[in-house]
Amino acid sequence: MRRAHKILSPREEAELPPRPVTKKGGLLLINAGEIATMAGHDRPRRGEQMKDLALIPEGAIYAMNGKIVEVGDSRMLERKYSGSSTVIDAEGDIVVPGFVDPHTHLVFAGSRENELELKLRGATYQEIAASGGGLLSTVAKTRAATTEELIGEASSRLRGMREEGTTTAEAKSGYALDSNGELKILAAIETLSERQPIHLVPTFLGAHAVPPEFEGKADAYIDLLVNEMLQLVARRTAARFCDVWVEQGYFSVEQARRLLLQAKLLGLTPKVHADELTACGGAELAGEMEAASADHLIHVSDGGLEAMKDAGTVAVLLPAASMSSRLPYADARKIITAGVPVAVGTDLNPGCWVESMQFVVSLAVHQLRMTPAEAVTAATINAAHAIGLAREVGSIEPGKSADFVVLDTDRLGHIGYRFGRNMAELVVKAGNVVVDRRAR
Ligand SMILES: [Zn+2]
C-alpha cells in the first residue's frame, strides 16, 4: 500500500526499481552451475546439517506470481517452461537464496565517523559517551529527525544491501527511546518495506539503552516500556519481535525478563542482545523466554548454550560488530558443536556501518572459522528462522518466495573465500529482477 505523503525525493524515487509486477508466463532461470537450494529441513540447521546445501548441479528455477514453482535439472525445466516471459541464463554461475539479514538497526539519523579515531586509540564505550558520542548521540539526532528524513537516510542503506544480494532483513527500532519516537521509527520501517524490494521485519527495541531522562532509573524506564510503550507498539505497529540489550550499564536479566514476559502476553516474540561485552546471563534468559534468537554471544556460557539448544533459540553472530568495536569474535565452532543453530547478520548501525551480507559471510569464514557452506546456511535459511520467516524465505524450494542471487563465480567454494568485491550479479526478489549488474 502506498502512503499518501511524499517520503522520498524525486531523485531517490527514480533510483528505486519498479514495484514488483507479476509477469504473465513467469520467470525461468537456466544453466546454473550449481544451485544451493538449502532445501530439506523444517527446523533451523544445527551441527553437521549446516554443511548441507542441498545442491542441484546444472540447475534451473521456475517461478510464477512471485513464488517458486519448480527447481530441478536445467534441460528438463527449459523444455517444460519454454513459454516463460523472462528467461535468465546463469551461464554456469552459482545461485544461492537471497541473503536474509537477521539483525539490523537500519533506521537512524546521522553518522558517527568522528568517534572512529577515539575507538582506534582504545577509548571505551563510556569514554566515547563522555565525549558526546555513542548510542545516545544517535538517539538525540533520531529524535530530532522527521519520519521522512529517517526514510530517506535508510533508503540509501537499503539500496546498498540490495546490490549485495540481501532480499529480506530484520530492522529494529531503538534510537528514540520514547513512545512517539519509537512509533515513528517503526512506521518508517513499515513504509520502507512497502516502497522498495527488500522485505523488512520490524522489531521493537525500546530497551536498547536507558534514555538520558531516566539516567540511574532503569527500573522506572522498564515500567514505562511495560505499562505504556509495549501496548502502543502491539496495537499500532507491525512489530513482530521485542528485543532487549542485557548488559551491565544497560538492562539486567530481571529487568529484561519483566519486559519480555509482558511482550509475550501481547504477542511479540522475544529476542535478546546477549553476552556481547560480558557474560551476564543473556543467553540463559533467551532460552528461558524461548526467544527466536540470542544475538552477539561473544561471552556466552555453556549453560547459556544449553538453554538455547533446549528452547530452539537461534544464535545470531555479528562478526562485523566485533571488527568495528575491536571486540573478540564469538566462538562459532563451540556454538555449532554444542548443537545450537547459527545465523549471521550485519548489525548495521552507526557504530558498525556495514550493508553487505557477502562481507559478513567472509568474516564468518575467516574470523569465526565457519566453513563456506556453514556460512551460507547461516546467512540464508538459519537467518530466516531467526526472524520467523523460514516458511517464506531462506531457501530455494517450491512454494517459497522466488528470492535468489546469481553470483559472478562458477565455484561454490569462492563464497566467503574471496572478499571485498561484490559478486552479486543478478538479484531476484519475489520473481522480479531487482538488481542486474550484468547489463552494465
Ligand atoms: Zn544490535
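Criteria and thresholds
Residues numbered from 1 in each chain as written. Predicted model: local features only at pLDDT ≥ 70, side-chain atom pairs only at ≥ 80, totals over all residues. Heavy atoms only, no water. Donors = N, O, S within 2.8 Å, 3.2 Å for Na, K, Ca; no water. Tetrahedral: all angles 85-135°; square planar, octahedral: opposite > 155°, others 65-115°. Helix = DSSP H or I, 4+ residues; strand = E, 2+ residues; numbered from the N terminus. Buried < 20%, exposed > 50% of the residue type's maximum accessible area, 1.4 Å probe, protein only. pLDDT = per-residue confidence, 0-100. Contact = heavy atoms within 4.5 Å. Polar contact = N/O pair within 3.5 Å; in protein donor to acceptor, adjacent residues only side chain to side chain. 1 Å grid on protein atoms, 1.4 Å probe; cavity = no way out; pocket = protein on both sides within 12 Å on 5 of 7 lines; lining within 4 Å. Points joined across faces, edges and corners; volume = space filled by probe spheres on them. Nonpolar A, V, L, I, M, F, W, Y, C, P; charged D, E, K, R; others polar. Domains from an automatic or database assignment. Buried area = accessible area lost by both parts, 1.4 Å probe. Salt bridge = Lys/Arg side-chain N within 4 Å of Asp/Glu carboxyl O.

Draft legend 1. Structural detail: the coordination of the zinc ion. In this structure, His103 (NE2), His105 (NE2), His273 (NE2) and Asp347 (OD) serve as the protein donors to the zinc ion, at separations of 2.0 to 2.7 Å. Considering all 4 donor atoms around the zinc ion, the spread of angles at the metal, 78 to 165°, places the coordination shape in the irregular class. Read in sequence order, the donor residues for the zinc ion give the motif H-x1-H-x167-H-x73-D. Taken together, the residues span a long stretch of sequence, with His105 in the loop between β6 (99–101) and α3 (116–120) and His273 in strand β10 (residues 269–274) at a distance of 168 residues. Judged by its relative accessible area of 3%, His273 is buried.

Draft legend 2. Examining the confidence of the model for the chain more closely. For the chain, mean pLDDT is 94; residues scoring 70 or higher make up 94% of the total. Considering only residues more than four positions removed or in separate chains, one finds that residues 1–6, a stretch of pLDDT under 50, has 8 contacts. In this model residues 18–23 is a low-confidence stretch, pLDDT under 50, and it forms 7 contacts with partners more than four residues away in sequence or in other chains.

Draft legend 3. Spotlight on the side chain of Gln196. Here Gln196 shows up in the loop between α7 (179–195) and β8 (199–207). Overall, Gln196 belongs to the buried group, its relative accessible area being 9%. Within the local environment of Gln196, its side chain forms a polar contact with the backbone oxygen of Leu192, the two atoms lying 3.1 Å apart. There is a polar contact of 2.6 Å between the side chain of Gln196 and the backbone oxygen of Ile198.

Draft legend 4. Examining the layout of surface pockets more closely. For the largest pocket, the calculated volume is near 920 Å³. Tyr125, Gly134, Leu135, Trp245 and Tyr250 are the residues nearest the centre of the largest pocket, which is lined by 38 residues in total. Counting residues per element, the ones that place at least two in the lining of the largest pocket are α4 (125–130), α5 (135–144) and α12 (319–324). A total of 4 residues in the lining of the largest pocket trace back to one element, the largest contributor, which is α4. Taken together, the residues that form the lining of the largest pocket break down as 15 nonpolar, 16 polar and 7 charged.

Draft legend 5. Spatial organisation of the domain arrangement of the chain. As assigned here, the chain comprises domain 1 (10–98 + 395–436) and domain 2 (100–386). For domain 1 and domain 2, the distance between their C-alpha centroids amounts to 28 Å. In this complex, domain 1 contributes 36 residues to the contact, which on the side of domain 2 involves 39 residues. For the pair domain 1 and domain 2, the two sides together bury roughly 3200 Å², of which 59% comes from carbon and sulfur. Taken together, the links from domain 1 to domain 2 amount to 0 salt bridges.

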